[in-house]
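Here is what each chain is made of, one letter per residue.
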Amino acid sequence: MKPETVVLDEVDTGLVHALEIDGRAPFRLVGAALGVSENTVARRYRRLRTAGVLRVVGVLNGARLGHSAWTLRLRCTPDAATALADALAARPDTSYVHLLSGGTEISCSVQTPTADRGEELLLRKLPRTGRVTSVTAHLLLGLPQGPGVARPGGGPVALPAGAARLTPEQVALLAPPAADEAIGADGDVPGTEEGGRALGPADRALVEVLSRDGRAGHTELAAAAGVSESTVRRRLAVLRRAGVLAFLVDIPPAALGFRTEARLWMSVRPSRLTEVVAAMAGHPEVSFVAMTTGPTNLVAAVNCRDPLDLARYLTGRIASLDAIRTLETAPVIRTVKRAGALLPLRR
């Protein structure tokens, strides 16, 4: 079952924007900000979630734990692609697993504990098969940019142009406490059960549930972690304040009419790389752009209405960036996994 294509009205887009600000904001507070009832907000959220249009997921910000972010490209024979993509998607450290280029290529994002051992760990843990013809691992350099991006490898698709956005006053009602730079500034998370940069077993149990449903209740979280509800509230507050735990609104682009997705790998003149990243981060088609190591030095994810729209983007906005020396475009033919845990239904 694929997500329905829906037309979002003003309340729907306001709800999406509110959840982008705080994915766990109480519906009562969202309703107050939008000027509608709590029941209306809850009903709209359930409808969109049931239709596969959106879900809120909890994700770890590996950078605050000292982890490194990678994007992988695997080329394989067509008969191996589906099984390999499914195996990668089943791993808890992967996100944004896509089949590309007619089913002969896979891309995915991975977080590893250290940069120096990252490629070794990735390659050793990949499923062993002679039908993989090549593997390229690109270390992401600096913070990914793009509309709504909160983790490497992808990011929420932007709402359609002209969609209702909340006013500064509405945003102020919903904004969660900002990440405390004094907490975990060196990657440490205060009060973790194992100390240092490692999360304790209870923390990881919380994240596992939240990766499936970022709005899971305290009772469910407490049962999964084997702790009290008061401990759950305290740990969530600490992890969020430390910038370790974030909540994303995960929306399949096709649900909003963006049925043509692609990954772009570019070689950009180094002296103008920062300039190109900043320019592409402002493109409404781009949900993610980051500098990388490897044979190319820039990767991006784009969402377009159809192939013609993608062609216009490549020959218009991209073509105007003359610092781009080479460009390789790989269309996404199927998404196996997005943010959070493996999707129960393929999109």
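Everything here concerns the structure above.
Below you will find a few notes about this structure. Predicted model, so just to flag it, every value in this text is computed and none were measured. (Residues numbered from 1 in each chain as written. Predicted model: local features only at pLDDT ≥ 70, side-chain atom pairs only at ≥ 80, totals over all residues. Heavy atoms only, no water.)

### As for the packing of helix 1 (residues 10–21) against helix 3 (residues 38–50)
Each packed pair of helices is defined by two parameters, the angle between the axes and the distance between the axes.
Then comes step 1: Packing of helix 1 against helix 3 leaves a shortest axis separation of 10 Å and a crossing angle of 85°. The orientation of helix 1 with respect to helix 3, classified from their angle, is roughly perpendicular. When helix 1 is examined against helix 3, the residues Val-11, Asp-12, Leu-15 and Leu-19 are found in contact with a partner set consisting of Val-41, Arg-44, Tyr-45, Arg-47 and Leu-48.
Then comes step 2: Taken together, the residues that form the contact of helix 1 with helix 3 break down as six nonpolar, no polar and three charged. (Axes fitted to C-alpha atoms, helices over the stretch in contact; angles between N-to-C directions. Helix = DSSP H or I, 4+ residues; strand = E, 2+ residues; numbered from the N terminus. Parallel < 35°, antiparallel > 145°, perpendicular 65-115°, else oblique. Contact = heavy atoms within 4.5 Å. Nonpolar A, V, L, I, M, F, W, Y, C, P; charged D, E, K, R; others polar.)

### A closer look at the nonpolar core
Then comes step 1: Formed by 45 residues in total, the largest nonpolar core has its most connected members in Leu-15, Val-30, Leu-54 and Leu-221.
Then comes step 2: Contributing elements (two or more residues each) for this core: helix 1, helix 2 (27–34), helix 3, strand 1 (55–60), helix 7 (201–210), helix 8 (218–225), helix 9 (229–241) and strand 6 (245–250).
Then comes step 3: Sorting elements by how many residues they give to this core places helix 7 first, with six residues.
Then comes step 4: Leu-221 has contacts with Arg-24, Leu-206, Val-209, Leu-210, Ala-216, Val-232 and Leu-236, leaving out every residue within four places of it along the chain. (Core = buried A, V, L, I, M, F, W, Y, C linked by side-chain atoms within 4.5 Å. Buried < 20%, exposed > 50% of the residue type's maximum accessible area, 1.4 Å probe, protein only.)

### Looking at the pattern of salt bridges
Then comes step 1: Evaluation of the coordinates by the stated rule reveals 20 salt bridges.
Then comes step 2: Between Arg-49 and Asp-213 there is a salt bridge, with the nearest N and O atoms lying 3.9 Å from each other. Of this pair, Arg-49 sits in helix 3 while Asp-213 sits in the loop between helix 7 and helix 8, and the two are 164 residues apart along the sequence.
Then comes step 3: The class of Asp-213 is partly exposed, set by a relative accessible area of 21%.
Then comes step 4: Linking Arg-338 and Asp-250 is a salt bridge whose minimum nitrogen-to-oxygen distance equals 2.8 Å. Here the residue Arg-338 occupies a position in the segment after strand 10 (324–337), and Asp-250 occupies one in strand 6, the gap between them amounting to 88 residues.
Then comes step 5: Among the charged side chains, a network of salt bridges with common partners joins Asp-9, Asp-12, Arg-44 and Arg-47. (Salt bridge = Lys/Arg side-chain N within 4 Å of Asp/Glu carboxyl O.)

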